[in-house]
Amino acid sequence: MIGLISATAAGAAARDRLAAAWPDRTRVYGGPVADAVRTAFAECGQLVCFLATGAVVRLVAPLLDDKRTDPGVVCVDEGGRFAVSLVGGHGGGANDLARAVGEVLGAEPVVTTATDAVGLPGLDTLGMPVEGDVAGVSRALLDGEPVALRAEVAWPLPPLPLAAEGACAVRVTDRLVEPAEREAVLRPPSLVVGVGASKGAPAEEVLGLVEAALRDAGLSKASLAELATVDAKAGEPGIVGAAERLGVPLVTYSAGRLAGVEVPNPSDAPLAAVGTPSVAEAAALAGGGELLVPKRKSERADGSPAMATCAVVRRPGRGRLAVVGLGPGARDLLTPRALAELRRASVLVGLDQYVDQVRDLLRPGTRVLESGLGAEEERARTAVAEARRGQAVALIGSGDAGVYAMASPALAEASDDIDVVGVPGVTAALAAGAILGAPLGHDHVSISLSDLHTPWEVIERRVRAAAEADLVVTFYNPRSRGRDWQLPKALAILSGHREPATPVGVVRNASRPDESSRLTTLGGLDPATVDMMTVVTVGNTATREIAGRMVTPRGYRWQATREDAR
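Residues numbered from 1 in each chain as written. Predicted model: local features only at pLDDT ≥ 70, side-chain atom pairs only at ≥ 80, totals over all residues. Heavy atoms only, no water.

Would you mind going over the sheet that holds strand E11 (residues 183-186) in detail, with residue names and values included?
The strand order across the open sheet formed by five strands is E7-E11-E10-E8-E9, and the pairing between neighbours is mixed. Only two strands of the sheet have a single partner each, and these edge strands are strand E7 (130-132) and strand E9 (162-163). As defined by bridge partners, strand E8 (residues 147-151) adjoins strand E10 (residues 168-172) across five bridges and the pair is classed as parallel. Bridge pairing in E10 places Arg-150 opposite Arg-171. This element, helix H6 (residues 134-142), spans E7, E8, E9, E10 and E11 of the sheet and lies at about 115 degrees to E10. (Pairing = 2+ DSSP bridges. Helix = DSSP H or I, 4+ residues; strand = E, 2+ residues; numbered from the N terminus. Contact = heavy atoms within 4.5 Å. Axes fitted to C-alpha atoms, helices over the stretch in contact; angles between N-to-C directions.)

What follows is the structure, encoded as structure tokens:
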């Protein structure tokens, strides 16, 4: 919950705007300001104070205890011009909150955390526990000192300027080790504990068994990702309680699924009880990985039979491939999600001219693998291979990466051993359509006239089908120096079904600084004025030019009514 505090009418107005935008996330605190801040600080995970920064500093200073647990505090001036991340930038989420508040109120977020200021991800913002000399290692990264990466567990990390050697180090491990001097230890969520329990097993017994198994194997509880068991035990209080106290989710599998998992220590007892010869080992191994601790039983102080079993598995970090559409070219048409993926990726793969388009957005340490035109399949294979090595990869394409771009060759290479994320982008057809007016207001189709990957016979058949169906047609890749006859042929096919006066929109370099556009007709278009940077949109029989704009009505009834009114 986010506590909202204000002292004046102006502050209350901005406060109420934020409360209206986030009704389920915010709580307004009234009364004397000092009392409101103290109460909100104790009850909320974050605070937004519509007060002067000096006042907020004095009010929260006596309340501060530990940056890892204190709520994040954002201060907004009464004019609503600035949202200042004041306390808990990383641990309390104040940096992200300042940005979110800025989006709602139109305020400028002010973030002074050093790593954010220079574009480095903070070691405490990577979504995993971190121990050791976090401040010292972060300072070394900021100062450009060589910081070594010591990865005992392969795990996809965001871009960090890490080296093979250095006086400071970032260590990635799930082992129970103490950080060395000038070392920050990241604990990836790599461990899965499978558990089985008799009916009525106490949570203390299950919890004690899990903790002992990890400790005896020299493994860190901070790297525990989940507990796993059979469906029949999904509601067993001892297992549910242990998961809650460990702060991890409980994942369950059907007995049939677990019965198909090969384990070293099957048993007749669970087979008779729940229908699988193994619960603990099979549940731990169901998602793959290396068995580190075979099945072990709990020990009871009174010597009575054990009521719980567990096994521990290390799952490898899965690589991540984000296929990102950059949009048509304008920076403000790059989506926030695409930007987030670019900054998250440790490896960027793309066409050289598209890499140049976003190079300034990449974080320091991002490895860039670029190539020229005609190497689409090579880029797809490279991106998938990097993801299989456990990297966080962004494969970029213009427009939408799924439209005549990199998504299809990449997904043809990828298997289920990596995570794949698609990030949509504004397509060239949509960008051109917005410039022309509303040519895509009814059914439409996009057709590439490039026969490098598709036989012309297939392209021609598709153009004829679109012509006969009276669809608005957007032509991609319409004409190049080596392919100058395809566009005239396609236009001739459409001319067999549409009048010469049918509107045609021609847009070159949509949304870019040298953008140009014009409206012409099917009979008046000169194909020689078109190149590969151009999108050609041919209207259907209902498309009209209205006030200099190309418009395809939602239905023919609307058009008929308009003409009758004349």
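Can you explain the packing of aromatic side chains? Please cite residues and give values.
Under the criterion given, the structure shown has two aromatic pairs. Ring geometry for Tyr-404 versus Tyr-476: centroids 4.8 Å apart, planes at 55 degrees, classification tilted. Note that Tyr-404 is positioned in the loop between strand E20 (392-397) and helix H15 (407-413) and Tyr-476 in strand E24 (residues 472-476), a separation of 72 residues in sequence. Residue classification places Tyr-404 among the partly exposed residues on the basis of a relative accessible area of 44%. Residue class for Tyr-476 comes out buried when judged on its relative accessible area of 11%. (Phe/Tyr/Trp six-rings, centres within 6.5 Å; stacked < 30°, edge-to-face > 60°. Buried < 20%, exposed > 50% of the residue type's maximum accessible area, 1.4 Å probe, protein only.)

Hey, could you go over the side chain of Thr-552 for me, with residue numbers and the actual values?
You can see Thr-552 is positioned in the loop between strand E29 (549-551) and helix H19 (556-565). One polar contact links Thr-552 to Thr-543, side chain to side chain, over a distance of 2.8 Å. Dropping the residues within four chain positions of it, Thr-552 is found in contact with Ala-438, Pro-439, Gly-441, His-442, Val-472, Asn-540 and Thr-543. (Polar contact = N/O pair within 3.5 Å; in protein donor to acceptor, adjacent residues only side chain to side chain.)

So, the sheet that holds strand E2 (residues 26-29): which residues are in play, and what are the values?
Taking strand neighbours across the sheet as the criterion, the six strands line up as E2-E1-E3-E4-E5-E6 in an open arrangement whose pairing is mixed. Each of the sheet's edge strands pairs with one partner strand only, and the pair in question is E2 and strand E6 (108-110). Strand-to-strand twist across the sheet, computed as the mean angle between neighbouring axes with direction ignored, equals 25 degrees. Note: strand E1 (residues 2-6) against E2, four bridges, orientation parallel. What sits directly across from Ile-2, in E2, is Thr-26.

An account of the pattern of salt bridges is needed here, citing residue identities and associated values.
With the rule as written, the count across this model stands at 30 salt bridges. Between Arg-81 and Asp-77 there is a salt bridge, with the nearest N and O atoms lying 3.4 Å from each other. Judged by relative accessible area, which is 18%, Asp-77 ranks as buried. Residues Asp-356 and Arg-359 are paired through a salt bridge, measuring 2.7 Å at the closest nitrogen-oxygen approach. (Salt bridge = Lys/Arg side-chain N within 4 Å of Asp/Glu carboxyl O.)

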